[in-house]
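Close look at the chain arrangement
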Amino acid sequence: MSDYEPLKFYVPEPTGRPGDEPDFTKLEIPEAGSARKPAIDCRPQEIKDLATTIIRVMNRDGEAVGPWAEDIDDGVLLDGLKAMIRTRAFDERMMTLQRQGKTSFYMKCTGEEAIAIAHKAAQTKGDMNFPTYRQQGLLLSTDYPMEDMINQILSNEKDPLKGRQLPILYSARSHDYFTVSGNLGTQFIHAVGWAMASAIKGDTKIASAWIGDGSTAENDFHSALVNASVYKPPVVFNIVNNQWAISSFRGIAGGDEATFAERAHGYDIPSLRVDGNDFLAVYAVSRWAIERARRGFGPVLIEWVTYRVAPHSTSDDPSKYRPKEESTAWPLGDPILRLKNHLIARGLWSEERHAQAESEYDEEVRVATKEAESHGVMGAGSSPKDMFEAVFEELPPHLREQRQKMGV
Amino acid sequence: MPQMSMIEAIRDAMDVKMAEDDNVVVFGEDVGYFGGVFRCTHGLQDKYGKNRVFDSPINESGIVGAAIGMAAYGLRPCVEIQFADYIYPAYDQIVSEAARLRYRSGEQFTAPITIRTPVGGGIFGGQTHSQSPESLFTHVAGVKSVIPSNPYDAKGLLIAAMEDPDPVIVFEPKRLYNGPFDGHHDRPASNWSKHPLGDVPEGHYTVEIGKASTFREGKAVTILTYGTMVYVAEAAVKETGIDAEIIDLRSLLPLDVDAIVESVKKTGRCMVLHEATQTSGFGAELAAQVQERCFYHLESPVVRVAGYDTPYPHAQEWDYFPGPARVGRELKAMMEAV
Ligand SMILES: Cc1ncc(C[n+]2csc(CCOP(=O)(O)OP(=O)(O)O)c2C)c(N)n1
């Protein structure tokens, strides 16, 4: 007889499933303003505490407090709010477009708008983003033509990517937006390589890498961190912890007991954990990390704590795996509402202007969609000839032959 | 003209490109200070500095992934995967990323990277240091694959690869690194210095990617082969006296279909020969091309001679590796077939 009990292994479970009450008691939320702001050249070991707290700037009354609140330009906040409203309007309309059968697929970033938009605001032209699929805010907060995004989503004759890519996997080099891959996590190491190149050339540009909490389990996340720890290139790692990876909660990616930010410690990379629904906090921490990288102090990792309010994609039904009210119970609130209240409290914004902005952007998206639709919906207008181009710079003989056989 | 081994020719190719183009960077496991386990990058770090030639962590996905990012920036990375057997951790980065960047970005981003990697057996490397995974890459749209069989081609193809606007994998047959191979394992490798293909011009030249070369002219049968097997074919021809034409493909993708068709139409028979396992190997593609294009010129079925469909065995390496005897037997059988 063995002295041992049969072994069991452990499968982490979220705090609630459909039918349960949402429960966020595990998420410890510190007071706004309580996290310190370290020196730009601090050593990673000196700020280990910032990987377990949540850096927050806006308090419950909508006031900006603490050391991270200093020196934020009002214009950045007003532009940021508008870009968030615009992004949400865009997402709503694209969702409808998919429901109407005019495109095959769409993914919203509802509740996460502040992260991409405030981070972008902290960048300088020429800094490159290596996004995943939920950073539409990186484009929608710039002058990138909205209609081109819709053309891409429709795969029509004006699609800049000629119908070759799944909707929303944009590419916009002119707007510092690397081509999005459907293979999760691969872009994380590309950002490191790009940042290494910037350093090799003695440039002053930095790279920002983007990944979801679920995808931090991919090899390339770890490849990226080890490379960055070795070569110390100017790269900012952004983990968007929106609690869910399709139906798997963050614990399945290993983020239940230890924070994602803490992973950086083994690599001697400084890391910070931030309220991703607090536009001011996102902007301030992004600015700090980008400045640090640009000054030559190496990589920074940031975990943005947020919640994926929308379904994973148009093919997903979250009511099948999480409590129905969980998204509304999210204790860090809605990034748009929070920034709106902050700006109203400071007399920089009003309910009327907000309502007006909402309808203006609705209208802008409606018009852009209509215009895009006139160039074809869901593949109509794209040419099969395009399928053969751009596999290589020059069309090799075997592809020429295949194209000829197709008669295009 | 200087005489060089294949290793020296490969090193010279990188040297030429690094001197010409500041954007060329070289990295991989052990390639910096030490100069690579096969010494292909020996001396380059001293010459060009640590900023352009450096050691990478043991992380193949990271090597290729970082190269892609650098290429997106505008550099021209030439990376080494220490053995082709270790390219699998980088497989996703090669096939999903490097190969498709141009396509999926509407040509806004491209990945002009060169991946060098030693392939093949014959050095008692066992299953993990002997593999020939070329067909896993020729199946992928957007990446080119080349494989030289001598120092001249090695330098010319590598320079061409480093100048190519698309990702290129250069498979380097490690059995040929130091000298040509006479097809027999029990005879010591001869030295490239006495071989005409060891004559390597100084400075810049290229061997066009996508063009095969006729290694030996003949009338009786065409042998389509590449890399180390070129010399096995040569030995078999010598030993059987069969007047075979040996086509050294040099480039697997793009493939020089015209050269293949021309030769097979002339000889009326075709053998495809490679070291990689037979099933779904590159020989299957070659046989299909010949069947489609030369069927009415064929006097006998296309024959495949390849490695067996087993992992690469260590102790039985020389039974696995197609040798002149096996090739000779098959050649004779083909000639008897009507
Ligand atoms: C390599 C790879 N594996 C699986 C998938 C399928 N997939 C697409 S999104 C997703 C979940 C990703 O979750 P997370 O990284 O947390 O990002 P989020 O969707 O929450 O923004 C999965 C499994 C994929 N696209 N690529």
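Residues numbered from 1 in each chain as written. Chains lettered and ligands numbered in written order. Predicted model: local features only at pLDDT ≥ 70, side-chain atom pairs only at ≥ 80, totals over all residues. Heavy atoms only, no water.

The next point concerns the overall build of chain B. Check the secondary structure of chain B and you find 12 helices and 12 strands. For 338 residues, the compact-globule estimate of 2.2 N^0.38 gives 20 Å, and the C-alpha radius of gyration of chain B, at 19 Å, lies within 12% of that figure. The principal-axis extents of the C-alpha atoms in chain B amount to approximately 60 × 45 × 40 Å. Per-residue burial over chain B gives 64% buried out of 338 residues. For chain B, the share of sequence-separated contacts (at least 6 apart) that also reach a separation of at least 24 residues comes to 79%. (Helix = DSSP H or I, 4+ residues; strand = E, 2+ residues; numbered from the N terminus. Rg over C-alpha atoms; globule rule 2.2 N^0.38 Å. Buried < 20%, exposed > 50% of the residue type's maximum accessible area, 1.4 Å probe, protein only. Contact = heavy atoms within 4.5 Å.)

Residue and element names in this part refer to chain B. If you trace the backbone, His-195 turns up in the loop between strand E6 (168-173) and strand E7 (213-216). Of note is the side chain of His-195, whose polar atom sits 3.1 Å from the backbone nitrogen of Leu-197. What His-195 contacts, discounting residues up to four positions off in sequence, is Gln-3, Pro-180 and Tyr-231. (Polar contact = N/O pair within 3.5 Å; in protein donor to acceptor, adjacent residues only side chain to side chain.)

Moving on to the pairing of strand E4 (residues 114-119) of chain B. All names here are of chain B. Judged by how many residues are buried, E4 sits mostly within the fold: 6 of 6 residues are covered. Residues of E4 alternate between two faces, with Thr-114, Arg-116 and Pro-118 on one and Ile-115, Thr-117 and Val-119 on the opposite face, all of them buried. Note that strand E3 (residues 76-80) and E4 share 3 bridges and pair parallel. Note that in E4 the partner of Cys-78 across the bridge is Thr-114. (Pairing = 2+ DSSP bridges.)

To continue, consider the interface of chain B and chain A. If you look at the interface, chain B gives 42 residues, while chain A gives 43 residues. Between chain B and chain A lies a buried interface of about 3,600 Å² when both sides are counted; carbon and sulfur atoms form 58% of it. Per-residue buried area on chain B facing chain A is highest for B:Tyr73, B:Tyr103 and B:Arg104; these three make up 23% of the total on that side. For the pair chain B and chain A, the interface holds 1 salt bridge. A salt bridge links B:Arg293 to A:Glu401; the nearest nitrogen and oxygen atoms lie 3.0 Å apart. (Buried area = accessible area lost by both parts, 1.4 Å probe. Salt bridge = Lys/Arg side-chain N within 4 Å of Asp/Glu carboxyl O.)

Within the secondary structure layout, A:Arg164 lies in the loop between helix H4 (146-154) and helix H5 (186-200). Among buried charged residues, A:Arg164 stands out as having no salt bridge; its nearest opposite-charge side chain is A:Asp386, 4.9 Å away. At 3.3 Å, the side chain of A:Arg164 forms a polar contact with the backbone oxygen of A:Glu389. Non-local contacts of A:Arg164, meaning those with residues more than four positions away in its chain, are made with A:Asp159, A:Asp386, A:Glu389, A:Ala390, B:Tyr103 and B:Gly106. (Lys, Arg positive; Asp, Glu negative; His and termini not counted.)

The subject of this paragraph is the sheet that holds strand E8 (residues 221-225) of chain B. Residues and elements named next belong to chain B. In spatial order, the strands read E7-E9-E8-E11-E12; together these 5 strands make up an open sheet with mixed pairing. Two strands close off the open sheet at either side, each with one partner strand: E7 and strand E12 (303-307). In this sheet, neighbouring strand axes are inclined to one another by 25° on average, regardless of whether the strands run parallel or antiparallel. Bridging between E8 and strand E9 (residues 244-248) involves 5 bridges; their strand directions are parallel. Each residue of the ladder has a partner; that of Thr-225, found in E9, is Asp-248. In the packing of helix H8 (residues 229-240) onto the sheet, contacts are made with E7, E8, E9 and strand E11 (270-277), and the angle to E9 comes to roughly 170°. (Axes fitted to C-alpha atoms, helices over the stretch in contact; angles between N-to-C directions.)

Residues and elements named next belong to chain B. Taken as a whole, this structure holds 31 aromatic pairs over all chains when the rule is applied. Centre to centre, the rings of Phe-38 and Phe-83 are 5.3 Å apart; their planes meet at 70°, and the pair counts as edge-to-face. Residue Phe-38 is located in the loop between strand E1 (24-28) and helix H2 (44-48), and its partner Phe-83 is located in the loop between E3 and helix H4 (91-98); the two are separated by 45 residues in the primary sequence. For the pair Phe-38 and Phe-83, a shared accessibility class is recorded, and that class is buried. When the ring of Tyr-226 is compared with that of Phe-282, the centres are 6.3 Å apart and the planes differ by 80°; the resulting orientation is edge-to-face. Of this pair, Tyr-226 sits in the loop between E8 and H8 while Phe-282 sits in helix H10 (residues 282-294), placing them 56 residues apart in sequence. (Phe/Tyr/Trp six-rings, centres within 6.5 Å; stacked < 30°, edge-to-face > 60°.)

Glancing now at the environment of B:Val31. All names here are of chain B. For Val-31, the position within the fold is in the loop between E1 and H2. Between the C-alpha atoms of Val-31 and Arg-100, which are 69 residues apart in sequence, the distance is 27 Å. Not counting the four nearest positions on each side in its chain, Val-31 is found in contact with Val-26, Gly-36, Thr-41, Val-53, Phe-54, Asp-55 and Glu-80.

Inspection of the entire model under this criterion finds 43 salt bridges over all chains. Here B:Lys144 and B:Asp164 are joined by a salt bridge, their closest N and O atoms 3.0 Å apart. Here B:Lys144 is found in strand E5 (residues 144-146), whereas its partner B:Asp164 is found in the loop between helix H7 (151-163) and E6, with 20 residues between them in sequence. There is no split in this pair, since B:Lys144 and B:Asp164 are both buried. Bridged by salt links that share partners, the residues A:Lys26, A:Arg250, A:Asp256 and A:Glu257 form one connected network.

The predicted coordinates of low-pLDDT regions are not to be read in fine detail. Per-residue pLDDT for chain B averages 95, and the proportion of residues at 70 or more is 100%. Interface confidence in the predicted complex, given as ipTM, is 0.86; pTM for the same model is 0.93. (pLDDT = per-residue confidence, 0-100.)

What follows concerns helix H1 (residues 74-99) of chain A. Residues and elements named next belong to chain A. Between its terminal C-alpha atoms H1 stretches 38 Å, which fits the 38 Å expected from 26 residues at 1.5 Å a residue. At the N-terminal boundary of H1, the capping side chain belongs to Asp-73, with an oxygen 3.0 Å from the backbone nitrogen of Gly-75. Count one or two residues on from H1 and you reach Gly-101, which has phi positive near 80°. (Expected span 1.5 Å × (residues − 1).)

The next thing to look at is the sheet that holds strand E2 (residues 207-212) of chain A. All names here are of chain A. With parallel pairing, the 5 strands of this open sheet are ordered in space as E1-E2-E3-E7-E6. The two strands at the open ends of the sheet, each matched to only one other strand, are strand E1 (128-130) and strand E6 (271-275). The mean angle between the axes of side-by-side strands here comes to 20°, regardless of whether they run parallel or antiparallel. Those strands touched by helix H2 (residues 113-122) are E1, E2, strand E3 (235-241) and strand E7 (300-305), and its axis lies near 175° from that of E2. Running at roughly 170° to E2, H5 makes contact with E1, E2 and E3 of the sheet.

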